[in-house]
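Commentary on secondary and tertiary structure
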Amino acid sequence: MRTLISNNTASVRLNRKKNKALKAFSRNYDLYLLILPVILYFAIFKYWPMYGVQIAFKDFIATRGIWGSPWVGIKHFSRFYNSYYFWDLIFNTLGISLYSLALGFPAPILLALMMNESRSKSLKKIVQTVTYAPHFLSTVVIVSVLVAFLSPRSGLINQIIKLLGRDPIYFMAEPKWFKTLYALSGIWQNAGWGSIIYMAALAGIDTEIYEAAMVDGASKFKRLIYITLPFLMPTAVTLLILNAGSLMNVGFEKVFLMQNERNLESSDVISTFVYRSGMISAEYSFSAAVGLFNSIINFILLISVNKTSKKLTETSLW
Amino acid sequence: MVTRGGDFDMGRTYSNHTKGDYIFDIVNTTLLILVLLIVLYPLIFVVSASFSDPLEILDGKVWLLPKGFTLEGYKRVFSNNDIMTGYKNTIIYTLLGTFVNLVMTIAGAYPLSRKDFYGRNIIMLLFTFTMFFSGGLIPTYLIIRKLNMVNKIWVLVLPGAVSMYNLIITKTFFQSTIPLELQEAAVIDGCSNIKILLKIVLPLSIPIIAVMTIFYGVAHWNAFFDALIYITDRKKFPLQLILREILIQNQMDEMMNSDIENLAQQMMMAEVIKYAVVIVASVPVLMLYPFLQKYFVKGVMIGAIKG
């Protein structure tokens, strides 16, 4: 008897909840119609490929498609893991990421601090306007300007080297230069843009703190170290998490454009490898496996970096 | 723009500007000017080189101002069929793509910004998950091929129709700047949700629409990856793919020290138009730049508040 009653109330409650949902749905039916195309977009272009990633565990046969091809287990994964280039790809990917993070992460912070400390408003404004600009140029343009500047025959850098009486350096053809060029050109393009977010954080600092510090006789440098810098920390940590979470996710475009046969040994990263073996050699299953491997590592990396940071600094993305 | 407390001229009134502070200022100003020159120089060089005789550039005689002033580069750019077709294609892709982006982003962001939209959390979760995990290049390619979209205009529009990052920014804007009371009042007056969106929300959202137009527009203008994967028909190449052929592949060949005659000619040609084509390709974005700057900064700020 008792159970029957409680069952009844439970089902009433469930009914009520259903009714509420139904009501909310019918009242806002036009909002659902509005969002429908967006849901379809995510279903077709995001979740369908996620389902299709099963091709990594199959041998793709064009006539039978993704769903009809035969299962082969982790064959492609072990082939990748046992290949002679496995560690090269990992090291290149991580190396380029870490190198550009180490050089590129502090750059916008320094720039923001410098602009913030500038006594001349107009100089600050000019620096802002100029340093934001390269962000709008396409990767193709950036890389071609880079290549032009480094050209052994006509490039400016090599003109200077020749003036100094040395032999020109074939920058783009030498593997050892790749990481540096990648990182420095990245700073040139994005440091200004990256500084915006720090400028915003700096704008939020209460000026009274500075005034108090000045009354106490703190020098400009001391105020910078003890007041300004600590204020930037939360922003910096958040951005660092984001960056660290995508360490294995080197942007394809720039690496691909800077890549050539000569520098391949240090410029081949997972994403360019996936492109070559998948799009050029049409080894769909194998390269899907390599891509999936990369996605999973990325995902784990992001989650663990976020968790660690939550514990250590109480700053996290979610 | 962002300034802190009137740029802090208090220093003077307190007159405790020590010697150390002056050195600090001098070092700081010097460094800023150095940064300015480093960023600015390549830009100036490219502009000057585009008006210079290529032989002077090859001899390394162009440093700051154009040498042997000529418009030859620009003439060749504008008479080059590949470039002009690419230019036309890019304009079409940018206009069409940005339009679809805006409609889809608003259609997604508005319902999700409404607290009374049942199921918003689960939808939001499913959408956001795609920022952190994806099927990857190959499965996406196979599905797009299956959908028969390869070499169609739509392949450059639909697969990137929504950027989740931009959707979150737009949603945050709707939530934080459009008063809920205004919408509730409209509901009582018998307005449909669509009408509220069109008559009340969108007119109040011009800043975010401007930001989105710029974000998406510049991205389309500069995009080359999707075209590299999905477009094989040269007539449909966007400008960036043509640029890559002219600028990077040729220059890379130079790096390879190739000595084929035909290639040398091609290289000379590339040398003539190299800088002019960079200018022509970047001018639309750079012309909008003073206008963009304000909005771009706004977009980054809104994005920084959440996410």
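Residues numbered from 1 in each chain as written. Chains lettered and ligands numbered in written order. Predicted model: local features only at pLDDT ≥ 70, side-chain atom pairs only at ≥ 80, totals over all residues.

Our focus in this paragraph is the domain arrangement of chain A. Here chain A is described as being made up of domain 1 (2–57) and domain 2 (75–313). A straight line from the C-alpha centre of domain 1 of chain A to that of domain 2 of chain A covers 41 Å. (Domains from an automatic or database assignment.)

Moving on, we get to the interface of chain A and chain B. Chain A puts 93 residues into the contact, and the matching count from chain B is 85 residues. For the side of chain A that touches chain B, the leading source of residues is helix 2 (residues 29–52) of chain A, giving 14 residues. Each residue belonging to the side of chain A that touches chain B can be placed in one class, and the counts come to 60 nonpolar, 23 polar and ten charged. (Contact = placed C-beta atoms within 7 Å. Helix = DSSP H or I, 4+ residues; strand = E, 2+ residues; numbered from the N terminus. Nonpolar A, V, L, I, M, F, W, Y, C, P; charged D, E, K, R; others polar.)

Glancing now at the environment of A200(A). Within the secondary structure, A200(A) sits in helix 10 (residues 178–203). In this structure, the C-alpha to C-alpha distance between A200(A) and L239(A), residues 39 residues apart in sequence, is 14 Å.

Bringing the confidence of the model for chain B into the picture now. A low pLDDT score tells you not to read the predicted coordinates there in detail. Residues and elements named next belong to chain B. The predicted model of chain B has a mean per-residue pLDDT of 84, with 86% of residues at 70 or higher. Within chain B, the lowest mean pLDDT, 45, falls on helix 1 (residues 10–14), and the highest, 95, falls on helix 5 (residues 81–113). Counting contacts from residues 1–15, a segment whose pLDDT is below 50, to residues more than four positions away or on other chains yields 17 contacts. Across the assembled chains, the prediction reports ipTM 0.85 with pTM 0.86. (pLDDT = per-residue confidence, 0-100.)

Residue and element names in this part refer to chain A. Orientation of helix 10 relative to helix 12 (residues 220–245), taken along the N-to-C sense of each, is 125 degrees, at an axis distance of 9 Å. Here helix 12 runs oblique to helix 10, going by the angle between their axes. Judged by the sense of rotation from one axis to the other, the crossing of helix 10 with helix 12 is right-handed. Between helix 10, through I197, Y198, A201 and L202, and helix 12, the contact on the second element is made entirely by T228, F231, L232 and T235. (Axes fitted to C-alpha atoms, helices over the stretch in contact; angles between N-to-C directions. Parallel < 35°, antiparallel > 145°, perpendicular 65-115°, else oblique. Left-handed = near helix turned anticlockwise from the far one by under 90°.)

Further remarks concern helix 11 (residues 206–222) of chain B. Side chains that are three or four residues apart share a direction in an α-helix, a result of its 3.6 residues per turn. Here helix 11 of chain B spans 24 Å end to end across 17 residues, near enough to the 24 Å set by a 1.5 Å rise per residue. Looking only at helix 11 of chain B, the buried set comprises I208(B), V211(B), M212(B), I214(B), F215(B), Y216(B), G217(B), V218(B), H220(B), W221(B) and N222(B). (Expected span 1.5 Å × (residues − 1). Buried ≥ 20, exposed ≤ 12 C-beta atoms within 10 Å, placed from the backbone.)

Residues and elements named next belong to chain A. Looking at the element boundaries, K162 is found in helix 9 (residues 156–163). Given 14 C-beta atoms within a 10 Å radius, K162 is considered partly exposed. Spatially, the C-alpha atom of K162 lies 9.6 Å from that of P152, the residues being ten residues apart in sequence.

Every buried residue of helix 10 (residues 193–201) of chain B is accounted for by N193(B), I196(B), L197(B) and V201(B). With its buried residues spanning 100 degrees around the axis, helix 10 of chain B presents them on a single face. Seen from the buried face of helix 10 of chain B, the exposed residues on the opposite side, beyond 90 degrees, are L198(B) and K199(B). Turning to helix 10 of chain B, the residues buried within the fold contact helix 2 of chain A together with helix 5, helix 8 (164–177) and helix 9 (180–188) of chain B. (Arc of directions from axis to C-beta.)

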